[in-house]
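Listed here are the chains, written in short residue letters.
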Amino acid sequence: MTDTTKAATTYGTYLKIDELLTLQEPRSAGPEHDEMLFIIIHQVYELWFKELLHEFDRVMRLLEGDEPHRAQHTLKRILTILKVMVAQLDILETMTPLEFLSFRERLDAASGFQSDQFRQVEFLLGVKSEHAIQRFAEGTRARTALARRYAAPTIWDAFLRYLAREKYNVPAAQLSRAVDRPVEPSSDIQKLLVDVYRGDPKNAELCERLVDLDEGVQEWRYRHVKMVERTIGAKPGTGGSAGAAYLRETIGRPAFPDLWAIRSQL
Ligand code: HEM
């Protein structure tokens, strides 16, 4: 028998539209027109970060389960989302420096710098930093999530373990490395990757998707710093860093350095 007392699911109830639409609260007086865009675009990014983390968890499980084709399929989805994330910066670039200044002081110390989900993505890629965890108060969702990802293997670790099961001679020290340390370049791994590229098209293809991923994240960093330069110039960031000068240092630091190093050895 069907339960006639239960309201049918609708678009609005399933997606919690009423709740969602109450979450944008401009702080400027007026409020300033452009603050709505600023809030919505950051919220959209946080949702994309959530989806990326969801997909990365799947890539990890698929690599651990020796399913490289399905891992690649999921990586393709991640890369497509990343492209959309980069493209979205165009929207924010329609905001002029003066339009941003009209509400900037209301942000206090708020900055994307404090996005724990962005740091979680970095941790998954092997960009690990204990300092990044300590910025969040004990007992918060953000700190718990970051601490868990800090102690967990990175995508690179899952990939090396997969290659070892594919009978590549991955050094034991790499397989048992402390996964809470940043990923460092390794000449042993580079030698092995050259063999993959020369004689193993299936796994070379997987390597290429990881390079796409690394390049995609660097592309986002580059576009973000350009947007920052055109919006606030050389001013310090609301998060307390030197601003664009700090951000420029993060560009061009690859997540998977070995995959870049071998290009000149092929
Ligand atoms: C007018 C728009 C924006 C400006 C002026 C801006 C400015 C900055 C600045 C100056 C920093 C350096 C940290 C600091 O001192 O605050 C930063 C970091 C950051 N921003 Fe933005 N940002 C903007 C939009 C966005 C958007 C839409 C996102 C999307 C989530 C974002 C995500 C981040 C992240 C993740 C960092 C940390 C990067 C890292 O540490 O490598 N920002 N931003």
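Our subject is the structure that appears above.
Treat the numbers as computed from the prediction; the structure is a model and nothing was measured.

(A) Looking closely at the packing of helix α12 (residues 187–199) against helix α13 (residues 201–232). One can describe the packing of α12 onto α13 by two numbers: an axis separation of 7 Å at closest approach and a directional angle of 115°. For the crossing formed where α12 meets α13, the hand is left-handed. For the pair α12 and α13, the contacting residues are L193, V196, Y197 and G199 in the first and P201, N203, A204, C207, E208 and V211 in the second. Looking at the contact of α12 with α13 residue by residue, the classes come out as seven nonpolar, two polar and one charged.

(B) Examining the site of the ligand more closely. Within the structure, the ligand sits among 29 residues, and S111, R119, H224, S241 and Y246 are positioned closest to it. Here a nitrogen atom of the ligand and a side-chain polar atom of H224 are 2.9 Å apart. Between the ligand and Y246 there is a distance of 2.4 Å, counted from an oxygen atom to a side-chain nitrogen or oxygen. Mapped by element, the contributors of at least two residues to the shell around the ligand are α3 (35–64), α7 (116–125), α13 and α14 (244–250).

(C) The nonpolar core, seen in detail. Counting 63 residues, the largest nonpolar core has W156, F159, L193 and L213 as the members making the most contacts within it. Among the elements that line this core, the one with the most residues is α13, at twelve residues. Beyond its immediate sequence surroundings of up to four residues, L193 is in contact with W156, F159, L163, C207, D258, L259 and I262. Among the nonpolar cores identified, the runner-up in size contains seven residues, and F123, A132, F136 and L146 belong to it.

(D) Expanded view of the coordination of the iron atom of the ligand. With respect to protein ligation, the iron atom of the ligand binds only H224 (NE2), at 2.2 Å. Position of H224 relative to the elements: it lies in helix α13.

Cut-offs applied
Residues numbered from 1 in each chain as written. Predicted model: local features only at pLDDT ≥ 70, side-chain atom pairs only at ≥ 80, totals over all residues. Heavy atoms only, no water. Axes fitted to C-alpha atoms, helices over the stretch in contact; angles between N-to-C directions. Helix = DSSP H or I, 4+ residues; strand = E, 2+ residues; numbered from the N terminus. Left-handed = near helix turned anticlockwise from the far one by under 90°. Contact = heavy atoms within 4.5 Å. Nonpolar A, V, L, I, M, F, W, Y, C, P; charged D, E, K, R; others polar. Near = heavy atom within 4 Å. Polar contact = N/O pair within 3.5 Å; in protein donor to acceptor, adjacent residues only side chain to side chain. Core = buried A, V, L, I, M, F, W, Y, C linked by side-chain atoms within 4.5 Å. Buried < 20%, exposed > 50% of the residue type's maximum accessible area, 1.4 Å probe, protein only. Donors = N, O, S within 2.8 Å, 3.2 Å for Na, K, Ca; no water.

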